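Survey of secondary and tertiary structure
So the chains spell out like this:
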Amino acid sequence: MTRLIAVVVMTMVCASAGFAQEAARADGWVVLSIEEYRALRARAFPATPDPLPPPVDAVLTRVDYDLRVTPNGDTAAGQARLVIDVLKQGWVSVQVPPGLLVRDARIDGRPTALVEGNPARVLISRPGRSTLTLDVIVAVTSQGGAETLALPSSGSALSAVTLTVPKTGVDLSVGGGFIAERRDSAAESR
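So, here is what we can say about the structure in this document. Bear in mind that the values here come from a model prediction, so they are computed numbers and not experimental data. (Residues numbered from 1 in each chain as written. Predicted model: local features only at pLDDT ≥ 70, side-chain atom pairs only at ≥ 80, totals over all residues. Heavy atoms only, no water.)

1. A closer look at the pairing of strand 3 (residues 92-95)
Because side chains alternate across strand 3, one face comprises the buried residues Val92 and Val94, and the other comprises Ser93 and Gln95, none of which is buried. Of the strand pairs in this sheet, strand 3 and strand 6 (residues 121-124) are connected by four bridges, and their pairing is antiparallel. Residue pairing for strand 6: Ser93 is matched across the bridge by Leu123. (Buried < 20%, exposed > 50% of the residue type's maximum accessible area, 1.4 Å probe, protein only. Helix = DSSP H or I, 4+ residues; strand = E, 2+ residues; numbered from the N terminus. Pairing = 2+ DSSP bridges.)

Listed below in structure tokens is the structure:
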């Protein structure tokens, strides 16, 4: 009988060992913490980086002067129109061309204040294209029978000057540019 009990016990032990060992499954579970999951997901699907900000806040695109020499010939008064392209969100400081005496400033027709400094600046609060109109006075110097009007250089690619002189038969020369058009009327040269 002890033999029979030993055979039964041995059979049961072998049977239970057989049940304890299950075949390996092809599908399974992996448990990760949330931080590990997010790190793996970020590596698998990297987010597109934010675009780099523009290298400058604003660009002076064009400067147009419309000036008239005063009858006494020592100054020229008129307007300077600066076309400014603002590339940044928020407030941007734009430099006014140095050497101009500015009497009034308007951005897109609305009055604006000049920020004091050397040179003066204006503040623009919105991105896009704006036109800064300045009422300016420029000195005219006389030397050796020649009158000279010197306009400041600017960072713009294009500059144009319309100059009206209250005389006829004026001999005009330009340094650093060219004369595109010239008109004489009965009382003035343009």
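Having seen it, we continue.
2. A short note on the nonpolar core
Membership of the largest hydrophobic core comes to 25 residues, with the highest contact counts inside it found for Leu82, Ile84, Leu132, Leu134 and Val136. Only strand 1 (58-69), strand 2 (75-86), strand 3, strand 4 (101-107), strand 6 and strand 7 (128-143) provide two or more residues apiece to this core. Excluding its chain neighbours within four sequence positions, the residues that come into contact with Leu132 are Ala80, Arg81, Leu82, Ile84, Ala105, Arg106, Ile107, Thr112 and Val122. (Core = buried A, V, L, I, M, F, W, Y, C linked by side-chain atoms within 4.5 Å. Contact = heavy atoms within 4.5 Å.)

3. Section: the side chain of Thr164
Within the element layout of this structure, Thr164 appears in strand 9 (residues 158-164). Taking the relative accessible area as the measure of exposure, Thr164 reaches 1% and is therefore buried. If sequence neighbours within four positions are ignored, Thr164 has contacts with Leu67, Arg68, Val69, Glu188, Ser189 and Arg190.

4. So, the pairing of strand 4
Both strand 4 and strand 7 contribute to a ladder of six bridges, which runs antiparallel. Note on strand 7: the bridge partner recorded for Asp104 is Asp135. Counting the residues that bridge the hairpin from strand 4 to strand 5 (residues 110-111) gives two residues, and of these Asp108 lies at a positive phi of roughly 50°.

5. Points about the pattern of salt bridges
Pairing between side chains of opposite charge can happen when their charged atoms approach one another. Per the counting criterion, the structure on display carries 10 salt bridges. With a shortest N-O distance of 2.7 Å, Asp85 and Arg129 are connected by a salt bridge. Residue Asp85 is found in strand 2, and its partner Arg129 is found in strand 7; the two are separated by 44 residues along the sequence. On the basis of relative accessibility, which here comes to 18%, the residue Asp85 falls in the buried class. On the accessibility criterion, Arg129 (52% relative accessible area) is exposed. Asp108 serves as the salt-bridge partner of Arg126, at 2.5 Å between the closest nitrogen and oxygen. Here the residue Arg126 occupies a position in the loop between strand 6 and strand 7, and Asp108 occupies one in the loop between strand 4 and strand 5, the gap between them amounting to 18 residues. What makes Asp108 partly exposed here is its relative accessible area of 35%. One salt-bridge network, held together by shared partners, links Asp104, Arg106 and Asp135. (Salt bridge = Lys/Arg side-chain N within 4 Å of Asp/Glu carboxyl O.)

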